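Tertiary structure, described
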Amino acid sequence: MSKTLRIAAALLIDAQGRTLLVRKRGTQAFMQPGGKIDTGETPQAALVRELHEELGLRLDPQNARYLGQFTAPAANEPGFQVVAELFRVDSSDAVSPAAEIEEVKWLAADDALDLELAPLTRDLILPLYREALNAPR
């Protein structure tokens with residue numbers, strides 16, 4: 001059985017309907033903002049903490065809408081699976097990369113993807129995002 005990382009992740013959508021992807025320092029793959037859920041922490045609390053640490057966002061937990069649990073191979077930890085509690089967050093606040101985040105990229109639903117993406121982002125979250133916006137493929 002593979003090892004598991006429990007994370008809270010945000011499908012962060014701006015006023016133009018774009019979603020935010022982040023890349024951690026020293027890695028290649030872009031993924032949703034968010035991070036590991038600490039022992040005793042709720043997924044929502046982890047999301048609020050991580051978005052503040054990584055992007056300087058102050059999020060009201062009430063504004064995070066739960067989308068479900070998604071599982072995929074971890075992008076940066078070989079042999080691990082990520083189990084992500086995914087929340088949709090609509091925000092027009094500016095973000096600035098902080099903590100371990102090296103780069104942020106806003107992505108429109110119809111943008112061509114020439115980025116390396118984490119499996120969770122590529123296989124599960126971006127298709128969900130495009131479907132939610134009813135974007136042409």
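Let me sum up the structure you'll find in this document. Along each chain, residue indices are assigned from 1 in the same order as the chain's sequence is written. Whole-chain, interface and lining totals are the exception, using all residues; otherwise, since this is a predicted model, local features are given only for residues with pLDDT of at least 70 and side-chain atom pairs are given and counted only at 80 or more. With hydrogens and water set aside, each side-chain value is computed from the structure's full complement of heavy atoms.

Structural notes on the side chain of T27
Strands here mean DSSP runs of E at least two residues long; helices mean DSSP runs of H or I at least four residues long; both are numbered from the N terminus. Summarising the element assignment, T27 is placed in the loop between β2 (19–24) and β3 (34–36). Relative accessible area serves as the criterion here: at 13%, T27 is assigned to the buried category. Each residue gets one of three labels from its accessible area relative to the maximum for its type: buried under 20%, exposed over 50%, partly exposed in between, using a 1.4 Å probe on protein chains only.

Re helix α1 (residues 43–55)
Relative to the 18 Å expected for 13 residues at 1.5 Å per residue, α1 spans 17 Å between its end C-alpha atoms, a close match to the ideal helical length. Taken residue by residue, α1 has A46, L47, E50, L51, E54 and L55 as its buried positions. Along the long axis of α1, the arc covered by the buried residues comes to 125°, so they all point the same way. For this analysis, residues touch if any pair of their heavy atoms sits within 4.5 Å. Contacts from the buried residues of α1 go to β1 (3–13), β2, β3, β4 (64–73), β5 (80–90) and β6 (101–107). Just beyond α1, the residue with positive phi is G56, at close to 75°. Expected span of a helix: the number of residues minus one, times 1.5 Å. Here the arc refers to the directions that run from the helix axis out to each C-beta atom.

A look at the pattern of salt bridges
Any carboxyl oxygen of Asp or Glu that lies within 4 Å of a side-chain nitrogen of Lys or Arg is treated as forming a salt bridge with it. By the definition in use, this model includes 10 salt bridges. When the shortest N-O distance is used, the salt bridge between R49 and E41 registers 2.8 Å. Exposure remark for R49: the relative accessible area of 22% places this residue in the partly exposed category. Look at the salt bridges and you will find they share partners, linking D38, E41, R49, E50 and E53 into a network.

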